[in-house]
Amino acid sequence: MAKLGRPWIGQLGLRLALAFVGVALAAVCASIALGSVTTERDIDQMIRGQHRDLLRATARSAAAAYHRGAWRPADLTVLVDFVNRAGAAVLVRDDDGLGVTSSREFGSSDRSSQMSAPVRLRGARIGTVVVRFDNTGLGATIRTFQSQWWPSRVTAAGVAAVIALLVALIVSRRITAPVESLIDTARARARGQPGSRAGDVRGLGEIQDLAEAFDEMADAKEEQDQLRRNLVADVAHELRTPIAVLQAGHEAMLDGLTGPTSANLSSLRDEVLRLARMVDDLQRLASAEAAALQLTLVPCDLAATVATAADSLSDAFASAGLTLERQLTAVQVRCDPLRIHEVTTNLLINAMKFTEAGGRVVVETALDEGQDERRAVLRVTDTGVGIPAREVPLATQRFFRGQRSSGVAGSGIGLTIVAELVRAHHGTMGITSEPGTGTRVTITLPAAVGDVSLEPNVRNQAMSKRREPEPRPAASS
């Protein structure tokens, strides 16, 4: 249904309809021109053939009318009647060029349509026949057809143009209506109406696909905008508490209500450190989201990189009373060792936070020989508190902290950073968990083709030289 305030077909539809009509008229005109050329040529050939046949028949009849050196008048009369009925006029001459007989209309006939042929009897020439073709008979019928041919074709072209216009208007409306709806929706969004959608449009399959893709793009943009607003709100919420504590503590000291004792200064310092961790986590998150532009990909052994990260946390696991078990198989990958080191560290710290003393954390590396490609697998499994099923899809969202995260320090972006770094390496990340049993995080990366150019100990030394400060713990759930 056309929208109010807009023409039924619109300028775009009108231009498209006129283009269809123009194409149809051009096709009809081309067909008429080609048909006229071929038809006139065929008609001329047919007329000439008929004239030649009549001329040959007349010459044979004239020869049959010659008997014993004389022309028989009765046979000549039959000949003249035959030619007259054929819509022509005839003149028969003897060998000396004198007229023997002729049609009464011969003198008034058109000389331009005259044809002649010798009359032979037993190979000897005995005379000549001259046939003139007038506007009666077959010639008249053909000329009448030719005179009516062009008007009929022009009428047909007009009918074709009307039919083409009607069809073009319908088709153009069906094509342009969804396009105009998309244009209106895009302009509405530009005017500050983010909820505008093209909706269910009726049109060709490709146009419907375009409308669906437009709405999906609008939904994705709105979701991104909402995530951006949520991020600002989350950051403001996280910063409000330490800032309020700092402000209250300083005002109390300034007002003389409390003194700058070691306990008070230590409390304020803890809030400053909390703010520093938040800023550091945000910086690491931004760095992870831009990792695709910052990665330094080199061939390395995934097991060696993971072992280095596990070594750096062995004391922390021992202090927490946890067992860190390694099941590492050499797998060649092409990655950024520092980023994979950060991924492993975040996964191990997250597992350590949510596993009670006496528990176990297993870190594994393996090679998955798939049908399409070889994939390197990094897996971290713990025996911790687990994640409820409804919270598993939300575990990698910014600042998400599940119900079981109360009392656990962190900003809630650890798994977000991991997910971003894995995505930058063209890998995948999966989380399976069962409350009270534990959590398993599985990461797959494209395996490298061929041998690695550096030995494991050389790679570890190169990575140690480039290693950044250890990331602070950041819980995600």
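This structure is a prediction, so every number in the text was calculated from the model and none was measured. (Residues numbered from 1 in each chain as written. Predicted model: local features only at pLDDT ≥ 70, side-chain atom pairs only at ≥ 80, totals over all residues. Heavy atoms only, no water.)

Thoughts on helix α2 (residues 73-85)
Here α2 spans 18 Å end to end across 13 residues, near enough to the 18 Å set by a 1.5 Å rise per residue. Of all the positions in α2, only L76, L79, V80 and V83 are classed as buried. Along α2, the residues classed as buried sweep out an arc of 95° about the axis, all on the same side. Away from its buried face by more than 90 degrees, α2 exposes A74, V78 and R85. Phi for G87, located one or two positions after α2, is positive at around 85°. (Helix = DSSP H or I, 4+ residues; strand = E, 2+ residues; numbered from the N terminus. Expected span 1.5 Å × (residues − 1). Buried < 20%, exposed > 50% of the residue type's maximum accessible area, 1.4 Å probe, protein only. Arc of directions from axis to C-beta.)

So, the pairing of strand β3 (residues 88-94)
Here β3 lies mainly inside the structure; six of its seven residues are buried. The pairing of β3 with strand β6 (residues 124-133) spans seven bridges and is antiparallel. Looking across to β6, one finds that D94 is bridged to G127. Relative to strand β4 (residues 99-102), β3 runs antiparallel, the two being bridged by three bridges. In the sheet register, L91 faces β4, and the bridge partner there is S102. Where β3 hands over to β4, the hairpin turn is made up of four residues, of which G97 adopts a positive phi near 90°. (Pairing = 2+ DSSP bridges.)

Notes on the sheet that holds β6
If you trace the four strands from one edge of the open sheet to the other, you get β4-β3-β6-β5, paired in antiparallel fashion. Among the strands making up the open sheet, the edge pair consists of β4 and β5 (114-121). Neighbour-to-neighbour, the strand axes of the sheet open up by a mean angle of 20°, direction not taken into account. Across the sheet, α2 is in contact with β3, β4 and β6; its angle to β3 comes to roughly 150°. (Axes fitted to C-alpha atoms, helices over the stretch in contact; angles between N-to-C directions. Contact = heavy atoms within 4.5 Å.)

A few points about the environment of R122
Within the element layout of this structure, R122 appears in the loop between β5 and β6. The spatial distance from the C-alpha of R122 to the C-alpha of A63 is 9.4 Å, given a sequence separation of 59 residues.

So, helix α10 (residues 414-424)
Among the 11 residues in α10, nine count as buried, and that is most of the element. Along α10, the positions that sit buried rather than exposed are G414, L415, T416, I417, V418, E420, L421, V422 and A424. Two residues or fewer after α10 comes H426, characterised by a positive phi angle close to 60°.

Notes on the sheet that holds strand β8 (residues 323-328)
On the basis of which strands lie adjacent, the open sheet formed by five strands has the order β8-β10-β11-β13-β12 and mixed pairing. Looking at strand neighbours, the two that pair on one side only are β8 and β12 (428-434), the edges of this open sheet. The average undirected angle you get between the axes of adjacent strands in this sheet is 15°. Where β8 meets strand β10 (residues 360-369), six bridges bridge the pair, whose relative direction is parallel. When the bridges of β10 are listed, E325 appears paired with V362. Sheet contacts for helix α7 (residues 302-312): β8, β10 and β11 (374-382); angle to β8, the most-contacted strand, approximately 170°. Its contacts with the sheet put helix α9 (residues 337-353) on β8, β10, β11 and β13 (438-446), and the angle it makes with β11 is roughly 25°.

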